[in-house]
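Residue strings, one per chain:
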Amino acid sequence: MSDNIIRLSVSEAAKLFGVSTQTIRRAISEGALHYVVVHNRYKVSFESLVKWSQSTARVKNKSNTAGIGQFVTQWRVKNKKFSPNPAVFEKKGE
């Protein structure tokens, strides 16, 4: 884990991942998310949110359709065995 931990409120996390605040609170109570309490409010670790969002198909799909995933087309790689063309990395003139 890095020194610069990003933490989000429950409502920010819900908006970002396209789920309800109740879903985030349920994940917190189940121990699926790492959090701290600041001024009587949950602050959820972004890293744990990403791991959690990819752990179940339902949340992953909501994140991709209603959350941040809808804006990132690069995440929708159809071929799982994708690898860059090695010719791109060869230096010209060698």
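Everything discussed here concerns the structure shown above.
Let us look at the structure shown here. (Residues numbered from 1 in each chain as written. Predicted model: local features only at pLDDT ≥ 70, side-chain atom pairs only at ≥ 80, totals over all residues. Heavy atoms only, no water.)

**Overview of the side chain of Ser63**
Working step 1: Looking at where Ser63 falls in the secondary structure, it is placed in helix H4 (residues 57-65).
Working step 2: Judged by relative accessible area, which is 2%, Ser63 ranks as buried.
Working step 3: Once residues lying within four places of it in the same chain are set aside, the contact partners of Ser63 are Phe17, Ile68, Gly69 and Gln70. (Helix = DSSP H or I, 4+ residues; strand = E, 2+ residues; numbered from the N terminus. Buried < 20%, exposed > 50% of the residue type's maximum accessible area, 1.4 Å probe, protein only. Contact = heavy atoms within 4.5 Å.)

**Topic: helix H2 (residues 21-29)**
Working step 1: For H2, the set of buried residues is Thr23, Ile24, Ala27 and Ile28. Along the long axis of H2, the arc covered by the buried residues comes to 140 degrees, so they all point the same way.
Working step 2: Gly31, located one to two residues past H2, shows a positive phi value of around 85 degrees. (Arc of directions from axis to C-beta.)

**Some thoughts on the pairing of strand S2 (residues 35-38)**
Working step 1: The sheet contact formed by S2 and strand S3 (residues 41-45) spans four bridges and is antiparallel. By the bridge assignment, Val37 is partnered in S3 with Tyr42.
Working step 2: Taken together, S2 and the strand that follows it, S3, pair antiparallel across an intervening segment of two residues, in which His39 is found at a positive phi of about 50 degrees. (Pairing = 2+ DSSP bridges.)

**Regarding the sheet that holds strand S1 (residues 7-9)**
Working step 1: One open sheet holds the three strands; their spatial order is S1-S3-S2, and the pairing between them is antiparallel. Here the strands that pair on one side only, and so sit at the sheet edges, are S1 and S2. For this sheet, the mean angle separating the axes of adjacent strands, direction not counted, is 35 degrees.
Working step 2: Sitting on the sheet, helix H1 (residues 10-17) touches S1 and S3, and the angle it makes with S1 is about 95 degrees.
Working step 3: Strand contacts of helix H3 (residues 46-53): S1 and S3, with the helix running at about 70 degrees to S3, the strand carrying the most contacts. (Axes fitted to C-alpha atoms, helices over the stretch in contact; angles between N-to-C directions.)

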